[in-house]
Amino acid sequence: MRYICRQVLVVLVLLLSPVARAQQIENVLSPVPARNALLSKPLGFAHEVKETARDFVTFRDPQWSALTVAQIGAAAADEVTTLNNFRICATCMEIGPSRFLVGQRPDAHKFIVAGVIEIGVEAVAAHYFRSHGPKEKLYWKALWALPQSFSLFEHAQAAYYNATLKLNCSPTVPGCS
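These lines cover the structure that appears in this document, whether it is placed above or below. None of the values given here were measured: they were computed from a predicted structure.

Tallying secondary structure elements over the protein gives seven helices and zero strands in all. Helices and strands in the protein line up, N terminus first, as α-α-α-α-α-α-α. Counting the 177 residues in the protein, one finds 26% classified as buried. Long-range pairs, those at least 24 residues apart, make up 61% of the contacts in the protein between residues at least 6 apart in sequence. Accessible surface, the protein: about 13400 Å² in total, of which carbon and sulfur atoms supply 68%.

Take a look at the structure:
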C-alpha cells in the first residue's frame, strides 16, 4: 500500500509541478513594435549616408577622408581636361564607359551630377566596409579602400590622357597654339 501511495504521490507531483509554475507571475516585457520591412532598408541606407557625411565633414576617419578628397580631385581633373578638349575639338566624343551615363559630348552639369552620384555611392560603400567589417582581419584593412581606389586610378589616368592628348587645333579657338 505504501508503495502505491508513493507512486501516486510522485505522479501527482510530476503532474502538478507545471501547474504551480504556471501560477507564478513574471514581469513580461512590453512588445516591441515590429519595424516596417518596407522602410527598414531605406532607413538603414539613409542612416549610413548620414554617418558618412558626418565623418567626412568632421574628418573623423583621416584615411578614408583623404582617399575621398583624392577621389574628388581626380574626378574634377578628369572633368576639366575632358571639357577643355571638347572646347578645342568640335568633333571629339567621349569614348569611355561614362558615355552611357553622360552622353558622347556631355556638358559640365552632366559631369557634376554623374560625379556626385559615383563618388557618393563609392564613399558610402567604403565607409560602410570600413565601419562594419572585421577590422581584426588583415585582408580587410586594405579591402575597404578598393572601390574608391579603382575610381581614383581611372580618373587620374583619364585626366593624364586628356591632358597629353594632341588635338588638331584651329587658330580661331582661344588657348589653342
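In this structure the tally under the stated criterion is one disulfide. Here cysteine 89 is linked by a disulfide to cysteine 92, with a sulfur-sulfur distance of 2.3 Å. Across the S-S bond linking cysteine 89 and cysteine 92, the dihedral sits near 95°, which makes this disulfide right-handed. Accessibility expressed as a relative area gives 11% for cysteine 89, which makes it buried. Its relative accessible area of 17% is what places cysteine 92 among the buried residues.

Turning our eyes to something else, we now look at the packing of aromatic side chains. Summed over all chains, the structure comprises two aromatic pairs. Here phenylalanine 56 and tryptophan 64 contribute two aromatic rings whose centre-to-centre distance is 6.0 Å and whose plane-to-plane angle is 85°, an arrangement assigned as edge-to-face. Note on phenylalanine 56: relative accessible area 30%, which makes it partly exposed.

Okay, the side chain of histidine 127 next. With respect to the helices and strands, histidine 127 occurs in helix 5 (residues 108–132). Aside from chain neighbours lying at most four places away, what touches histidine 127 is Glu48, Glu51, Thr52, Asp55 and Trp64.

Below, the discussion takes up the pattern of salt bridges. Between side chains of opposite charge, pairing is possible as soon as their charged atoms come close. This structure, assessed with the given rule, holds four salt bridges. Notably, a salt bridge pairs glutamate 51 with arginine 54, separated by 2.8 Å at the nearest N-O pair. Of this pair, glutamate 51 and arginine 54 both sit in helix 2 (residues 37–58), three residues apart, which is roughly one turn of the helix. Judged by its relative accessible area of 16%, glutamate 51 falls in the buried class. Arginine 54 is the partner of aspartate 55 in a salt bridge, and the nearest nitrogen-oxygen pair spans 3.0 Å. In this structure aspartate 55 comes out as buried when scored by relative accessible area, which is 7%. Through salt bridges with shared partners, a single network forms among Glu51, Arg54, Asp55 and Arg60.

Definitions and cut-offs
Residues numbered from 1 in each chain as written. Predicted model: local features only at pLDDT ≥ 70, side-chain atom pairs only at ≥ 80, totals over all residues. Heavy atoms only, no water. Helix = DSSP H or I, 4+ residues; strand = E, 2+ residues; numbered from the N terminus. Buried < 20%, exposed > 50% of the residue type's maximum accessible area, 1.4 Å probe, protein only. Contact = heavy atoms within 4.5 Å. Areas by Shrake-Rupley, 256 points an atom, 1.4 Å probe, with all protein chains shown as cover. Disulfide = S-S within 2.5 Å. Phe/Tyr/Trp six-rings, centres within 6.5 Å; stacked < 30°, edge-to-face > 60°. Salt bridge = Lys/Arg side-chain N within 4 Å of Asp/Glu carboxyl O.

These figures come from the coordinates and say nothing about function on their own.
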